[in-house]
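Chain residues, written in single-letter form:
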Amino acid sequence: MNKLLNAGFSRLKKDKIFWIVTVSMLVCSIVYMLNGCRQAALDTMSEYQYGLDHYYFSYSPFIGLFCSVITSMFLGTEYSDGTIRNKHIAGHTRKDIYLSSLILSFTISLALLCTWWLGALSGVPFLGFWRMGSGVLIYLLVSILYLAAFSAIFTAISMLVSHKAMAQMVSVLLFLGLLSFAGKFYGALQQPEFESGILITSEDMSMSDPVPNPAYVTGTMREIYQFLVDFLPTGQCLLMYELKIVHPLRMILSSLFITGAVSFSGLWFFQKKNLK
């Protein structure tokens, strides 16, 4: 596998799209953080007292989309160029081919993540360091592990779908679908238990007495919704964006489970795939 990884990393170093996206990620993180610093300095925002935490994890809702595109393009090229078939003919096992592709995919995702982390530190001189203290390590670990889950998913698609354009489309649509799915459950959990209306009279306008919100999820169903949001990588992204991670251990174990289950399933199907 070492030869496969060396060849893969060598190709990655020369990949123009990878470097363009990486530099773009760096620029976006710096611009976003500096704009956040400008907003935090406004008098109208002073009451919120936003710190570095509020802006630093803003990458979470969209980084999976970047990873889906780059992974499918990078790995898909090996099908279009016949590289995967040549690797197999040269004596490399399918297991080594698949696992080396998975490692490359995760490396790409991790490089994009670290690039944002590095660029986002530009906000430190204006906003200071994280107010959550050592809790930031949990957020960083959750980020790395849900990226591992994304990498496993997008690698499986890229290795099982022979056409690069089709793999890209499936990866992007799956990510958007999972994001929409998680957003539906997360939105339901954000519903208030009680709601008040506006009562307008001839003399005044006031708020009516709070009444139960029929959209509020209770009991076992609420626990199921919360589990699904914690379990899905896209749900974890939404929770991180809102700085509302409550069950980090559940999220970590969920990412590990998805990474292992998808990788094992993808490898099993790849073993049976016709590479001609």
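Here, the structure is the one placed above.
Residues numbered from 1 in each chain as written. Predicted model: local features only at pLDDT ≥ 70, side-chain atom pairs only at ≥ 80, totals over all residues. Heavy atoms only, no water.

## Examining the overall build of the protein chain
Scanning the protein chain from N- to C-terminus turns up 12 helices and four strands. Within the protein chain, residue pairs in contact and separated by at least 24 positions form 78% of the contacts whose partners lie at least 6 positions apart. (Helix = DSSP H or I, 4+ residues; strand = E, 2+ residues; numbered from the N terminus. Contact = heavy atoms within 4.5 Å.)

## Considerations on the nonpolar core
If you look at the biggest cluster of nonpolar residues, it comprises 57 residues, and the most contacted ones within it are Phe57, Tyr59, Ile63, Tyr146 and Met240. Ranked by residue count, the leading element in this core is helix H8 (residues 135-160), at 12 residues. Counting residues in hydrophobic clusters, the runner-up holds eight residues, among them Tyr98, Met159, Leu267 and Phe270. (Core = buried A, V, L, I, M, F, W, Y, C linked by side-chain atoms within 4.5 Å. Buried < 20%, exposed > 50% of the residue type's maximum accessible area, 1.4 Å probe, protein only.)

## Remarks on a nonpolar patch on the surface
Residues Met166, Met169, Val170, Leu173 and Leu176 make up a contiguous nonpolar surface patch of roughly 430 Å² in combined accessible area. Topologically, Met166 is positioned in helix H9 (residues 164-189). In this structure Met166 comes out as partly exposed when scored by relative accessible area, which is 39%. (Patch = residues over 30% accessible without salt bridge, like charges linked within 9 Å, V, L, I, M, F, W, Y side chains within 5 Å. Areas by Shrake-Rupley, 256 points an atom, 1.4 Å probe, with all protein chains shown as cover. Salt bridge = Lys/Arg side-chain N within 4 Å of Asp/Glu carboxyl O.)

## Description of helix H11 (residues 233-241)
A large share of H11 lies buried, amounting to eight of its nine residues. Along H11, the residues classified as buried are Pro233, Thr234, Gly235, Gln236, Cys237, Leu238, Leu239 and Met240. Summarising the contacts, the buried residues of H11 are in contact with H8, H9, helix H10 (219-231) and helix H12 (248-272).

## Section: the pattern of salt bridges
Scanning the model with the defined rule gives one salt bridge in all. Taking the shortest distance from any N to any O, the salt bridge between Asp230 and Arg250 comes out at 2.9 Å. Linking Asp230 in helix H10 with Arg250 in helix H12, this pair joins segments that are 20 residues apart in sequence.

## Considerations on the packing of H9 against H11
Two numbers describe how H9 lies on H11: the axes approach to 8 Å, and their chain directions differ by 60°. Between H9 and H11, the angle falls in the class oblique. Remark: the crossing between H9 and H11 carries right-handed chirality. Seen from H9, the contacting residues are Phe175, Leu178, Leu179, Ala182, Gly183 and Tyr186; seen from H11, they are Thr234, Gly235, Leu238 and Leu239. The class makeup of the residues in the contact of H9 with H11 is seven nonpolar, three polar and no charged. (Axes fitted to C-alpha atoms, helices over the stretch in contact; angles between N-to-C directions. Parallel < 35°, antiparallel > 145°, perpendicular 65-115°, else oblique. Left-handed = near helix turned anticlockwise from the far one by under 90°. Nonpolar A, V, L, I, M, F, W, Y, C, P; charged D, E, K, R; others polar.)

## Considerations on the side chain of Ser158
Structurally, Ser158 can be placed in helix H8. From its side chain, Ser158 meets the backbone oxygen of Phe154 in a polar contact 2.9 Å long. (Polar contact = N/O pair within 3.5 Å; in protein donor to acceptor, adjacent residues only side chain to side chain.)

## Details of the packing of H11 against H12
At their nearest, the axes of H11 and H12 sit 10 Å apart, and the two run at 150° to each other. As the angle between them shows, H11 and H12 are arranged roughly antiparallel. Judged by the twist between their axes, the crossing of H11 over H12 is left-handed. Contacts between H11 and H12 involve Pro233, Gln236 and Leu239 from the former and Met251, Ser254, Ser255 and Ile258 from the latter. By residue class, the composition of the contact of H11 with H12 is four nonpolar, three polar and no charged.

## Some details on unusual backbone geometry
Here the phi dihedral of Leu243 falls at roughly 55°; this positive angle occurs in a residue that is not glycine. Mapped onto the secondary structure, Leu243 falls in the loop between H11 and H12. Of the residues examined, Leu243 reaches a relative accessible area of 29% and is grouped as partly exposed.

## Things to note about the state of the cysteines
In the structure shown here, the tally under the stated rule is zero disulfides. Left unpaired, Cys237 is separated from the closest cysteine sulfur, that of Cys67, by 9.3 Å. With relative accessibility at 0%, the residue Cys237 sits in the buried group. (Disulfide = S-S within 2.5 Å.)

## A word on the packing of aromatic side chains
All chains considered together, the criterion is met by 18 aromatic pairs. An angle of 55° between the planes, with centres 6.3 Å apart, marks the rings of Phe57 and Tyr59 as tilted. A residue is classified by how much of its surface remains accessible, and Tyr59, at 0% relative accessible area, is buried. Aromatic pair Phe185 and Tyr225: ring centres 4.7 Å apart, planes at 75°, arrangement edge-to-face. Remark: Tyr225 occurs in helix H10 and Phe185 occurs in helix H9; sequence separation between them is 40 residues. You'll find Phe185 and Tyr225 in the same group, each marked buried. (Phe/Tyr/Trp six-rings, centres within 6.5 Å; stacked < 30°, edge-to-face > 60°.)

None of the figures reported here should be taken as evidence of function without further support.
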